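Each chain is listed here by its residues.
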Amino acid sequence: MAICGGSVNKVAIEFKAVSKEYPLYSHLAGGLKGFIFNFPRSLKGITRERFTALKDISFSIHQGETVAFMGRNGAGKSTTLGLMAGVLKPSSGQVMISGRVSPLLELGGGFHSDLTGRENIRLNGVLLGLTRKQVEAREAEIIEFSELGEFIDQPIRMYSSGMLSRLGFSVVAHLEPEILLIDEILAVGDIQFQEKCKKKIQEFKKNGVTIILVSHSIGDVRALCDRVIWIENHIVRNDGPTSEVLPQYEQFFS
Amino acid sequence: MRDLVIVLTQKELKARYKHMKLGYLWSLGNPLAYGLIYWLVFKFVMKVKIEGFPLFLVSGLFPWQWFVNSIGVSANTFVGNASLIKKVNFPRNLLSLVVSTQDLIHFLAALPIIFGFMLIYQKPFSPLLLVGVPALAMIQLLYTYSLGLIVSTVNIFFRDAERLIGIFITFLFYLTPIVYNLDMVPEEFRKYVILNPLAPLILNWRGLFLEGNLNGSWLILSMGYGLAFFLMGQWIYKKLSWRFAEVL
C-alpha cells in the first residue's frame with residue numbers, strides 16, 4: 001500500500017487502542033458560584049458523567065499517505081485531529097506521531113483582526129513552529145500564493161472570509177509541513193482558489209507529505225485521498241482504499 | 001520559543017496601539033488620572049500629611065497599574081485564544097508571559113513620568129536605581145506571570161472567576177500601602193501589612209524612588225512570595241493545561 005521506490009515508508013501516525021472520554025463540563029457552566037453551592041453534585045458530575053468521543057480506535061498511517069476521515073458530525077473526527085495535533089491526550093491507548101504536525105488553522109484562529117495580513121503571516125508561521133527568519137524568507141512566496149495583492153498590508157478585519165482562508169492556506173502551504181491536518185477548510189474561497197489549493201495538495205503528495213483531511217465532500221475525497229477511514233459512533237466502521245470505502249459510505253447515507 | 005515570545009509580544013503591542021495612535025499617552029493617562037483623584041481626595045478632603053504627595057502617589061500607582069493590568073487581562077488570556085489552543089500545540093503559558101512582559105514594557109516606558117516628579121520634588125537620582133529598578137521589575141514580573149497564569153487557568157474552568165478577581169483586586173488595593181504610608185497604619189497592625197504579598201514590593205518601589213534605598217528584608221520577602229507564586233502557578237498549569245482544549 002505505502003510502497004515508494006521499493007522501500008516501505010515509515011509510520012507517521014499510529015493510534016493503538018485509543019479511547020477518549022471527556023468529563024461533561026456542563027456543571028461548570030454555572031461558574032464558581034454554581035460549583036460551590038452545588039458542590040456534592042458538581043463533584044459527582046466531574047468524576048462520573050462522561051462523554052465518550054472515541055472508543056478503542058486503532059490505525060496506522062504511513063508517511064506520504066493522504067487519508068480522509070469521514071463520518072457524521074459528532075462521530076469523533078475532530079477529536080481524532082486534536083489527538084494528532086497533540087492538543088488532546090487520549091484517556092487510554094497510545095498516540096504516536098513522527099514528524100512535525102501542521103494544523104491548518106480555521107478562520108480567525110491564530111489570526112488577529114487588527115493586524116495586517118503580513119503581520120499575521122509572521123505570527124502564524126512562528127506559532128506553527130518556524131523561526132522568525134524562516135518565516136521572513138518565505139514571506140514573499142506566501143503573499144504571492146495568496147493573491148491578496150495590496151490587501152496584505154490592510155488589517156485583516158477588512159478581509160472577506162474567502163480572503164482569510166486564502167491567507168490561512170497560503171501560510172500552511174509554505175511551512176514545509178511533514179504532517180498536514182486539514183479540517184473542512186477546502187469548502188471556502190472561490191472555485192479558482194480551491195483548485196489552486198488542490199493543486200498544492202497534489203504537490204505535497206508528490207513530495208511525500210502525510211495529509212489528513214476531514215471532509216464531508218465526496219468529490220474532494222475522491223480526487224485527493226488514497227484512503228478513507230470512516231468513523232461512525234466513535235469507532236472505526238471501515239478503513240481502506242478510497243475506491244472501496246467511499247462507495248459504501250455513499251450508499252449508507254443515500 | 002524565544003521567537004514565539006517576541007512575535008506574540010509584538011502582536012499584543014501592535015494590536016493595542018493600532019486603534020489609537022496615542023496609545024502610549026493613554027497608558028500614562030490611566031495611572032495619572034487615578035493619581036489626580038487620590039491627590040484631590042486625600043490631600044484636600046482628608047488632609048493627609050505626606051510630603052511630596054504627588055510623587056508619593058505615582059511611585060506606588062505606576063507599579064500597581066502594571067500589576068492590575070496584567071491580572072485583569074489574564075482572565076481572557078486563554079479563553080480569548082480558544083481557537084488557537086484547540087488547534088495548535090504550543091506552550092500555552094507563553095501567552096501569560098507575553099501579557100506580563102507587555103505590561104512590563106509599558107511600565108518601563110512610563111518611568112520618565114516618575115523621574116519627572118522626582119525632578120520636581122528635587123529628589124536625588126541614586127545609583128541604586130540602576131540595580132533596584134531591574135531587580136524589582138524582575139520580581140514583579142514573577143508575580144504577574146505566575147498570578148496571571150493561575151487566573152487565566154482558573155477562568156477557563158470557571159468563567160465567573162473574573163468577577164471575583166475584580167472584587168479581590170479592589171480589596172488588595174486598599175490593603176496595600178499605596179495611598180497611605182506604613183507609619184499611618186496603627187502600630188499593632190503594622191506587622192501584618194507585609195502579609196499582603198504586594199506590600200513589600202510596592203513599599204520597595206516607593207522607597208527606591210523617594211529615598212533611593214531598598215529594604216533588604218522586604219526584598220527577600222517579595223522574592224519569596226514571587227517564587228511561591230511561580231511554583232504554584234506552574235503546578236496548576238501543569239496539572240490542567242492538557243485539559244484546556246477539552247473545556248474551551
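I will try to describe carefully the structure that is included in this document. (Residues numbered from 1 in each chain as written. Chains lettered and ligands numbered in written order. Predicted model: local features only at pLDDT ≥ 70, side-chain atom pairs only at ≥ 80, totals over all residues.)

## Overview of the overall build of chain B
The criterion, for reference: By the criteria applied, helices consist of DSSP H or I runs no shorter than four residues and strands consist of E runs no shorter than two, each listed in order from the N terminus. C-alpha atoms define the radius of gyration in this analysis, and the globule rule sets the expected value at 2.2 Å times the number of residues to the power 0.38. Three exposure classes are used. Buried residues have 20 or more other C-beta atoms within 10 Å of their own C-beta, exposed residues have 12 or fewer, and partly exposed residues fall in between, all C-beta atoms being placed from the backbone. We call two residues in contact when the distance between their C-beta atoms, placed using the backbone, is within 7 Å.
Of regular secondary structure, chain B possesses 11 helices and 0 strands. In terms of overall size, chain B behaves like a compact globule, its C-alpha atoms giving a radius of gyration of 19 Å where 248 residues would be expected to give roughly 18 Å. Taking the principal axes of its C-alpha atoms as reference, chain B extends roughly 55 × 45 × 35 Å. Here chain B holds 248 residues, and the buried ones make up 38% of them. Put simply, 76% of the contacts in chain B that link residues at least 6 apart link residues at least 24 apart.

## Notes on the sheet that holds strand β8 (residues 179–183) of chain A
All names here are of chain A. Where we set the bar: A strand pair is defined by DSSP finding two or more bridges across the two strands. The convention used is that axes are lines fitted to C-alpha atoms, helices contributing only their stretch in contact, and that angles between N-to-C directions extend from 0 to 180 degrees.
Overall, mixed pairing links the 6 strands, which are arranged β7-β8-β9-β5-β10-β11 in an open sheet. Two strands lie at the open edges of the sheet, namely β7 (101–103) and β11 (235–241), each paired on one side alone. Each strand axis lies, on average, 15° off the axis of its neighbour in the sheet, ignoring direction. Two elements, strand β5 (residues 66–70) and strand β10 (residues 227–232), share 4 bridges in a ladder whose sense is parallel. When the sheet's bridge partners are listed, Phe69 is paired in β10 with Ile229. Helix α9 (residues 242–253) contacts β5, β10 and β11 of the sheet and is inclined by roughly 135° relative to β11.

## Section: the interface of chain B and chain A
Keep this limit in mind: Under the scheme applied here, ten amino acids are nonpolar (Ala, Val, Leu, Ile, Met, Phe, Trp, Tyr, Cys and Pro), four are charged (Asp, Glu, Lys and Arg), and all others, including Gly, are polar.
Every contact between the two is made by 26 residues of chain B and, on the other side, 31 residues of chain A. A total of 7 residues in the side of chain B that touches chain A trace back to one element, the largest contributor, which is helix α1 (residues 2–18) of chain B. Of the residues that constitute the side of chain B that touches chain A, the class distribution is 14 nonpolar, 3 polar and 9 charged.

## Some remarks on the nonpolar core
Burial of nonpolar side chains together is a common tendency in soluble globular proteins. What counts, and what does not: Core membership is restricted to buried Ala, Val, Leu, Ile, Met, Phe, Trp, Tyr and Cys residues, and these are joined into a nonpolar core through C-beta atoms within 7 Å.
Core analysis: the biggest nonpolar cluster contains 80 residues, and Leu180, Leu181, Ile212 and Val228 of chain A have the highest contact counts within it. Per element, the largest residue contribution to this core is 7 residues, and it comes from helix α6 (residues 161–173) of chain A. Residues in contact with Leu181 of chain A, not counting those within four places in the same chain, are Leu81, Met84, Ala85, Val101, Ser102, Pro103, Leu104 and Ile212 of chain A. The next biggest cluster of nonpolar side chains, apart from the first, holds 42 residues, and it includes Tyr38, Leu61, Met118 and Leu201 of chain B.

## With respect to the environment of Phe117 of chain B
Along the chain, Phe117 of chain B turns up in helix α5 (residues 93–120). Residues Phe117 of chain B and Phe56 of chain B, spaced 61 residues apart in sequence, show a C-alpha to C-alpha distance of 9.2 Å.

## Section: the packing of helix α6 (residues 129–157) of chain B against helix α7 (residues 161–175) of chain B
Residue and element names in this part refer to chain B. Basically, it comes down to this: Every angle not falling under 35 degrees, over 145, or within 65 to 115 is termed oblique; those three ranges are roughly parallel, roughly antiparallel and roughly perpendicular.
In the contact formed by α6 and α7, the axes pass within 9 Å of each other and the chain directions differ by 140°. Judged by the inter-axis angle, α6 sits oblique to α7. Side by side, α6 and α7 meet where Val151, Val154 and Asn155 of the first sit next to Ala161, Glu162 and Ile165 of the second. Looking at the contact of α6 with α7, its residues break down into 4 nonpolar, 1 polar and 1 charged.

## Digging into the sheet that holds strand β6 (residues 92–97) of chain A
All names here are of chain A. One open sheet accounts for 3 strands, arranged β4-β3-β6; its pairing is antiparallel. This sheet does not close on itself; its edge strands, each paired only once, are β4 (50–62) and β6. Adjacent strand axes in the sheet meet at a mean angle of 20°, parallel and antiparallel pairs treated alike. Note: strand β3 (residues 11–23) against β6, 5 bridges, orientation antiparallel. Counterpart to Glu14 in the pairing with β6 is Met96. Each of β3, β4 and β6 touches helix α3 (residues 77–85); the most contacted strand, β3, lies at about 120° to it.

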